[in-house]
Amino acid sequence: MGGNSLKFDMFEWQVVPWSVMLDDVRYLEALGAGTVLIGDSYVLPPAYGDSVLEAWTTLAALASSTERVRLGTMVSDIPLRHPAMLAKQAATVDCISGGRLDLGVGPGDNFSGEITSLGLPSLAPGARVDRLREAVEVIDGLLRGQEVTLHGEYYHLD
């Protein structure tokens, strides 16, 4: 490998007690993991267990408890939170981590029934992508420090 060190990223569901999650991520950081990604889900299929730590508060705690490893969600499903709130959460975690956040977003789906169980509308695939486009416009503008006004089909901001 010519003197280059091997870099790897890891995904870990946050379905364990906080102390175990923190030990796991610190261990991955010590091993040289480039990025540790966690899931952004409120409800998991029963095979994973019955509780899951919320992603963005977990990332904030990991950001203050690690030094080098990059952090992020495998993907944050847009229907689970307003894009302005997601932008604020991402900016906060990025600040706490000293710029170590990787932000990934996706249109979401309802394979596990999570979206409808929260009382959120389940959209057809094309509509989910349209909503994602609007959300990315909001998130991108806010993270660039712009004032965002949008009167779209899915989101309205002044």
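Scroll up to find the structure.
Below or above, wherever it landed, is the structure these notes cover. Here the structure is a predicted model, which means the values were calculated and not measured.

**Section: the pattern of salt bridges**
- By the definition in use, this model includes 6 salt bridges.
- A salt bridge links R133 to E137; the nearest nitrogen and oxygen atoms lie 3.8 Å apart. Placement of the pair is R133 and E137 together in helix α5 (residues 125-143), with a separation of 4 residues, close to one helical turn.
- Here E137 falls in the partly exposed class, since its relative accessible area comes to 41%.
- Where R144 meets D140, a salt bridge forms, and the shortest distance between an N and an O atom there is 2.8 Å.
- What makes D140 partly exposed here is its relative accessible area of 35%.

**Some thoughts on the packing of helix α2 (residues 55-65) against helix α3 (residues 83-97)**
- Running from N to C, α2 and α3 point in directions that differ by 15°, and their axes come no closer than 8 Å. By the criterion of interaxial angle, the relationship of α2 to α3 is roughly parallel. Regarding α2 and α3, the two cross each other, and that crossing is left-handed. Facing W56, L59, A60, A63 and S64 of α2, the residues of α3 in contact are L86, Q89, A90, V93, I96 and S97.

**With respect to the packing of helix α1 (residues 18-31) against α2**
- Close contact between α1 and α2 brings their axes to 11 Å; oriented N to C, the two are set at 50°. Classified by the angle between their axes, α1 and α2 sit oblique to one another. Judged by the sense of rotation from one axis to the other, the crossing of α1 with α2 is right-handed. Between α1, through W18, M21, L22, V25 and R26, and α2, the contact on the second element is made entirely by T58, A61, L62 and S65.
- In terms of residue class, the contact of α1 with α2 is built from 6 nonpolar, 2 polar and 1 charged.

So, how was this worked out
- In every chain, residue numbers begin from 1 and rise along the written sequence.
- Residues qualify for local features only when their pLDDT is at least 70, as the model is predicted, and side-chain atom pairs are given and counted only at 80 or more; totals for whole chains, interfaces and linings, by contrast, use all residues.
- Only hydrogens and water are set aside; all other atoms, that is, all heavy atoms of the structure, feed into the side-chain values.
- Each reported salt bridge corresponds to a side-chain nitrogen of Lys or Arg within 4 Å of a carboxyl oxygen of Asp or Glu.
- Only DSSP runs of H or I covering at least 4 residues are called helices, and only runs of E covering at least 2 are called strands; the numbering of each starts at the N terminus.
- Only protein chains enter the accessibility calculation, which uses a 1.4 Å probe. A residue is then buried if its area is under 20% of the maximum for its type, exposed if over 50%, and partly exposed in between.
- Whenever a helix is involved, its axis is fitted only over the stretch in contact; in every case the axis is a line through C-alpha atoms, and angles between N-to-C directions fall within 0 to 180 degrees.
- Small angles under 35 degrees read as roughly parallel and large ones over 145 as roughly antiparallel, with 65 to 115 read as roughly perpendicular and the rest as oblique.
- By definition, turning the near helix anticlockwise from the far helix through less than a right angle yields a left-handed crossing, and turning it clockwise yields a right-handed one.
- Every residue pair with non-hydrogen atoms within 4.5 Å of one another is taken to be in contact.
- Amino acid classes used here: Ala, Val, Leu, Ile, Met, Phe, Trp, Tyr, Cys and Pro are nonpolar; Asp, Glu, Lys and Arg are charged; the rest, including Gly, are polar.

In short, geometric facts, not functional conclusions.
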